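# Summary of the model geometry
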Amino acid sequence: MKPVIALVDCNNFYVSCERVFDPTLLGRPVIVLSNNDGCVVARSNEAKALGIGMGVPAFEIRPVIERHRVQTLSSNYTLYADMSDRVMETLGTMVPQLEVYSIDEAFLDLAGLPCTLTEFGRTILSTVHRWTGIPVTVGVGRTKTLAKIANRLAKHSAKANGVLDLTDSPYLDKALAETPVEKVWTVGIKTTIRLKRAGIATALHLRDADTHWVQRIFGVVGVRTVYELRGIPCYPLEHNPPLRQSVAVSRMFGRPVETLDEMRQAIASYAARAGEKLREQGLAAGLLTVYVTTSRFIEDRYFNGHTASLAIPTNDTVELIRQACLCMDRLYRKGYAFKKCGIVLTGLVPEARLQMGLFDQEDRRKARRLMHAVDAVNHRYNKTLHWAAEGLEQPWKVLFKRRSPRYTTDWNQLPAAAD
DNA sequence: TCTGGGGTCCTAGGACCC
DNA sequence: TCTGGGGTCCTAGGACCC
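In this report, we go over the structure that sits alongside the text. Because the structure is a prediction, the values reported are computed rather than measured. Each chain carries its own residue numbering, running from 1 in the written order of its sequence. Lettering of chains starts at A and numbering of ligands starts at 1, both following the order in which they are written. Totals for whole chains, interfaces and linings use all residues, but because this is a predicted model, local features are given only for residues with pLDDT of at least 70 and pairs of side-chain atoms are given and counted only at 80 or more. Excluded from the side-chain calculation are hydrogens and water; included are all heavy atoms of the structure.

### Comments concerning the layout of surface pockets
Within this scheme a cavity is a closed region of a 1 Å grid, computed over the protein atoms alone, that accommodates a 1.4 Å probe without allowing it to escape, whereas a pocket is open but has protein on both sides within 12 Å along at least five of seven lines; lining residues each have an atom within 4 Å of a point. Grid points are joined across faces, edges and corners, and a volume is the space filled by probe spheres set on the points. Size it by volume and the second largest pocket reaches roughly 1,300 Å³. If you go around the second largest pocket, you meet 33 residues; those closest to its centre are Asp9, Asn12, Arg43, Lys48 and Lys155. Here a helix means four or more residues in a row that DSSP labels H or I, a strand means two or more in a row labelled E, and each is numbered from the N terminus. Looking at the lining of the second largest pocket, the elements with two or more residues in it are strand E1 (5-10), helix H1 (13-21), strand E3 (40-43), helix H2 (45-49), helix H5 (117-132) and helix H6 (144-156). Ten residues, namely Ala, Val, Leu, Ile, Met, Phe, Trp, Tyr, Cys and Pro, are considered nonpolar, four, namely Asp, Glu, Lys and Arg, are considered charged, and the remaining ones, Gly among them, are considered polar. Taken together, the residues of the lining of the second largest pocket break down into 14 nonpolar, eight polar and eleven charged.

### Focus on the side chain of Arg19
Considering the arrangement of structural elements, one finds Arg19 in helix H1. Residues are treated as being in contact if the distance between any of their heavy atoms lies within 4.5 Å. With near-sequence residues (within four places) excluded, Arg19 lies in contact with Leu25, Leu26, Gly27, Arg28, Val30, Ser44 and Glu46.

### Here we look at the sheet that holds strand E2 (residues 30-33)
Sheet strands pair via backbone hydrogen bonds, and the direction of the pair is either parallel or antiparallel. Two strands form a pair only when DSSP identifies at least two bridges running between them. Across the sheet, which stays open at both edges, the three strands sit in the order E3-E2-E4 with mixed pairing between neighbours. Two strands bound the open sheet, and with one partner strand each, they are E3 and strand E4 (71-74). In this sheet, adjacent strand axes meet at a mean angle of 25° when their direction is disregarded. Across the sheet, H1 is in contact with E2, E3 and E4; its angle to E2 comes to roughly 110°. For helices, the fitted line uses only the C-alpha atoms of the stretch in contact; every axis is such a line through C-alpha atoms, and the angle between N-to-C directions lies from 0 to 180 degrees.

### Remarks on the pairing of E2
Residue alternation in E2 divides its side chains into two sets, Val30 and Val32 and Ile31 and Leu33, and both sets are buried. Sheet topology note: the E2/E4 ladder contains four bridges and is parallel. Looking across to E4, one finds that Ile31 is bridged to Thr72. In textbook terms, the turn of a hairpin is the stretch between consecutive antiparallel strands, and for E2 and E3 this stretch comprises six residues, one of which, Asn36, has a positive phi near 65°. The classification of residues rests on relative accessible area computed with a 1.4 Å probe and restricted to protein chains. Under 20% of the type maximum is buried, over 50% is exposed, and intermediate values are partly exposed.

### A short note on a positive patch on the surface
A cluster of basic residues, Arg365, Lys366, Arg368 and Arg369, forms a positive patch on the protein surface. Turning to its location among the elements, Arg368 is positioned in helix H13 (residues 364-380). Taking relative accessible area as the criterion, Arg368 reaches 39% and is therefore assigned partly exposed. Note on patches: the residues involved have over 30% relative accessible area and no salt bridge, like charges join within 9 Å, and the nonpolar side chains Val, Leu, Ile, Met, Phe, Trp and Tyr join within 5 Å. In these tables, accessible area is a Shrake-Rupley quantity obtained with a 1.4 Å probe, and a residue counts as shielded only by the protein chains included in the view. For this document, the term salt bridge refers to a Lys or Arg side-chain nitrogen within 4 Å of an Asp or Glu carboxyl oxygen. In this tally, Asp and Glu contribute negative charge and Lys and Arg positive charge; neither His nor the terminal groups of the chain are included. Here the site of a charge means atom NZ of a Lys, CZ of an Arg, CG of an Asp or CD of a Glu.

Below you can see the structure in the form of structure tokens.
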């Protein structure tokens, strides 16, 4: 049986989430900003039509925002994550196999479907919209790369109306010819420049390129993409997602930080969050990396990192904070205005398979019970418990000037049906 | 007059994704 | 004044081993 893969992609996902709970945003230009209200991470179609680009710093487009009354929101990741779960659960009821690829995308296995693919695509579109309020687009192809291309065209074409099937399609070559090479999955900015220099400007050109040449210039990733464009799958659907390789927490500061005290507070609070993430996923970390940086946009940039190896992999916040602060002590330099720091945990192993250390002095069972209790309280009472090392004031913290309520995950912030 | 060769593991950096 | 955050995979080069 030939493979059939659908890519279901939520339209302008963060904006769509906001619109579900605030219908006054419908039909108007809306953007969502990144942490610290720094740059644009989501745009409604109306905002895209105004020429607002993805990733653009907010301060650069202030005139456009004011002139066109663009509705500007801070990001509300708690809401988006919850809405994403609802969309993925809905899709899970419709197909036997799916791979959640990102917060707003999933690949579906549609091989051997009893009805036509376009028909089924329409059912997906209407069901997800009815159950969650989120509009989606469906692209179908023989490979993930082709499904991506179908999805992109489905979004742009009025005729497709949100669903496009390119499996055995007489229009496949035309679709590839209409796809600029930089829109092909895995082709980024660097590769685009080199491909265009070689006269390869569309997905069709790339499909018909010489694989030996592609191998030499772009390595195996390039070759896989060429095969995928030819309908030969190199990226199968992942049914059992492999174990996570790393867990990271980092934030820009709300204002520059110059003291070691505040840097330690910040890294302690990120370490605490990283510990929560580990425990949520049943993992423990063997390596802990801390890094610090001043602004990327100044001459005398200071960037440095340090990795500590943990004798026994752990997800104990007390230990993570202690190690993170030790790293911070080594990295901190007086006289710099730091803009950001972060923690990355690697060497991840399943908590259940932890080996005991022969000379281990810690009472790990006790620590585990403590973490479990803290997590339970924080889950029940909305993050009320904090670690002293995180500091009380946290003046370095980022600001969210226009964050919408946590409509779906906090009893106190539920939307009212009527006034 | 003259320094092997191949395999594996680890790490840092690059490129890309959403 | 103001420029996000969290991931993955690949590659090259060095260390190390036999």
